[in-house]
Each structure stands twice: as C-alpha cells, then as structure tokens.
Amino acid sequence: GDTALGLALKEGRKTAAEHLLSHTSAADLTAVNHAGESYIFLAAQAGFADLITKMAETHYQTLGALDDYEFSDLDQETAKGQRALFVAANRSVAEA
C-alpha cells in the first residue's frame, strides 16, 4: 500500500507532502508502493517539481553523489514500465 507521504502526493496535498517529506529519511525515499510507484514518480504526477528537487537533494546530502541526470535509486520503473521523467515530460507537454 501507500505510505502517508505517498497518499499525500497522490491526492495533490502539497503542504502535507512537504511536511511528511521533512520527516522522511533519505533511505526511505527509495520506497515504492504496490504499483511500483516511487515518491519521485508520484511527485511528478502531481506536478511538484520542487519536491522532486528536495528529494534529490536529501538523497545526495545523506547517501552520496547523485548525478544530475541519474535518478535510478529514487526513480524506479513502475509495474507499468514508467518512470518519473516520462510522466513529468508528458505532463509538461499536456500543459503547454
């Protein structure tokens, strides 16, 4: 199932997600739900680019270097074969 952070991201509750993220460890950022959706994936679906940046920064500061274009630890492929970058790019195209 989803964690409280996962549910906040899915429901578009940015303030709640920000609060929960501030209490989430870098190691926990790699968690996925039953559909294989990571927190970065859910944040991308919600359009929360600033939260994606915060997750990447938390990961980098705690667990070591994270290449600017390499999110594999945080952005695992979902059960449907999607990644956050794909979702974010499609969201940007749809909003343009």
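Residues numbered from 1 in each chain as written. Predicted model: local features only at pLDDT ≥ 70, side-chain atom pairs only at ≥ 80, totals over all residues. Heavy atoms only, no water.

What follows is about helix α3 (residues 39–46). Note: α-helices contain 3.6 residues per turn, so residues at a spacing of three or four share the same orientation. Most of α3 sits inside the fold, with seven of its eight residues counted as buried. For α3, the set of buried residues is Y39, I40, F41, L42, A43, A44 and A46. Of the residues one or two after α3, G47 is the one with positive phi, at around 80 degrees. (Buried < 20%, exposed > 50% of the residue type's maximum accessible area, 1.4 Å probe, protein only. Helix = DSSP H or I, 4+ residues; strand = E, 2+ residues; numbered from the N terminus.)

With that out of the way, let us pick up the side chain of S38. By secondary structure assignment, the location of S38 is in the loop between α2 (14–22) and α3. There is a polar contact of 3.1 Å between the side chain of S38 and the backbone nitrogen of F41. Beyond its immediate stretch of four places on either side in the chain, S38 contacts A31, V32, L74, D75 and Q76. (Polar contact = N/O pair within 3.5 Å; in protein donor to acceptor, adjacent residues only side chain to side chain. Contact = heavy atoms within 4.5 Å.)

Counting residues in hydrophobic clusters, the biggest one holds 20 residues, and the most contacted among them are L9, L51 and M55. Listing elements by their share of this core, those giving two or more residues are α1 (4–10), α2, α3, α4 (49–63) and α5 (84–95). Ranked by the residues each element gives to this core, the list is headed by α3, at seven residues. Apart from the residues lying within four places of it in its own chain, the contact partners of L51 are L9, K14, A17, E18 and L21. (Core = buried A, V, L, I, M, F, W, Y, C linked by side-chain atoms within 4.5 Å.)

This part covers the pattern of salt bridges. If the charged atoms of two oppositely charged side chains come close together, the side chains can form a pair. Applying the stated rule across the entire model yields four salt bridges. One salt bridge connects K10 with D2, and the closest N-O pair in it is separated by 2.9 Å. Owing to a relative accessible area of 41%, K10 belongs among the partly exposed residues under this scheme. We classify D2 as partly exposed; its relative accessible area is 24%. The partner of D50 in a salt bridge is K14, and the shortest N-O contact between them spans 2.9 Å. Residue D50 is located in helix α4, and its partner K14 is located in helix α2; the two are separated by 36 residues in the primary sequence. The class for K14 is partly exposed, based on a relative accessible area of 29%. When salt bridges with common partners are traced through the structure, they connect D2, K10 and E37 into a single cluster. (Salt bridge = Lys/Arg side-chain N within 4 Å of Asp/Glu carboxyl O.)

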